[in-house]
Amino acid sequence: DKICVYKSEEISKATVFFEKAKEYQGLQFPIDIYKSLVTLILFELSRIYDKSHQNIPAKFSQEYDLKIYAFISAKALTKIKIQDVLDEFFVSKKYVDKVCKKFYGSNFSGMITSIRMWAARGFIMDNKTNKLEKIAELCGYNDYSAFYKNYKNYFGVTPKEDMMFYKENRKFLS
């Protein structure tokens, strides 16, 4: 299980440090130097750990819930799965659904679907692309048929029908 996430550059620094230390293998140093090195290593590890956890509020607080909600909202148009949230915040599926319900009014999948559908409608209204497959991809769908089905269920019309409506009525809607 993940306890702490380290940036690759910090891992690189530690690797360089240990590679350098190998050069001095077999040499005798006073015990105070070893104590100093161990203290330095522990200090650096502590600093890295504190740095990586400094902005994490207490679990199950309003602020923590907002971080979960913001994370989900920011990634809604990607291929996000609930497991991504669980891995990031170490909470249960039930807790994620509770947070989504609290801030958005529906569970995780309902929130993701809603955000994606309104984004899709926005792309259709913008009329920047006629390719509905591209719009589906921009909204986090791998499969156009899943996008089509969700769109039809959500708005009661197909994406193509919506696109035609907005094209025909553009001058009235602007």
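Residues numbered from 1 in each chain as written. Predicted model: local features only at pLDDT ≥ 70, side-chain atom pairs only at ≥ 80, totals over all residues. Heavy atoms only, no water.

Participant: Where do I start with the pattern of salt bridges in this structure?
Facilitator: Opposite charge on two side chains permits pairing when their charged atoms draw close. In total, this model carries two salt bridges according to the counting rule given. With a closest N to O distance of 2.8 Å, aspartate 65 and lysine 102 form a salt bridge. Of this pair, aspartate 65 sits in helix α3 (residues 62–75) while lysine 102 sits in helix α5 (residues 93–104), and the two are 37 residues apart along the sequence. In this structure aspartate 65 comes out as buried when scored by relative accessible area, which is 3%. For lysine 102, a relative accessible area of 43% gives the class partly exposed. Note that arginine 121 is salt-bridged to aspartate 162, the shortest N-O span being 2.8 Å. Remark: aspartate 162 occurs in helix α9 (residues 159–168) and arginine 121 occurs in helix α6 (residues 108–126); sequence separation between them is 41 residues. Looking at aspartate 162, the relative accessible area reads 4%, which means it is buried. (Salt bridge = Lys/Arg side-chain N within 4 Å of Asp/Glu carboxyl O. Helix = DSSP H or I, 4+ residues; strand = E, 2+ residues; numbered from the N terminus. Buried < 20%, exposed > 50% of the residue type's maximum accessible area, 1.4 Å probe, protein only.)

Participant: For this particular structure, what's the right way to read the packing of aromatic side chains?
Facilitator: What the rule picks out here adds up to twelve aromatic pairs. Aromatic ring contacts, followed pair by pair, group Trp118, Tyr141, Tyr144, Phe147, Tyr148, Tyr151, Tyr154 and Phe155 into a single cluster. Directly above the aromatic system of tyrosine 141 lies the positively charged group of arginine 116, at a separation of 5.2 Å from the ring centroid. A cation sits over an aromatic face here: arginine 121 above phenylalanine 155, 3.8 Å from the ring centre. (Phe/Tyr/Trp six-rings, centres within 6.5 Å; stacked < 30°, edge-to-face > 60°. Lys NZ or Arg CZ within 6 Å of the ring centre and 35° of its normal.)

Participant: Quick question: what am I supposed to make of the nonpolar core here?
Facilitator: Generally speaking, a soluble globular protein has its nonpolar side chains buried in company with each other. With 19 residues, the main nonpolar core has Ile68, Ile72, Val85, Phe89, Val91, Val96 and Phe108 as its most contacted residues. Secondary structure elements with two or more residues in this core: α3, α4 (82–89), α5 and α6. Dropping the residues within four chain positions of it, isoleucine 68 is found in contact with Val85, Phe89, Val91, Tyr95 and Val99. With 14 residues, the next largest nonpolar core counts Ala119, Leu132, Tyr141 and Tyr166 among its residues. (Core = buried A, V, L, I, M, F, W, Y, C linked by side-chain atoms within 4.5 Å. Contact = heavy atoms within 4.5 Å.)

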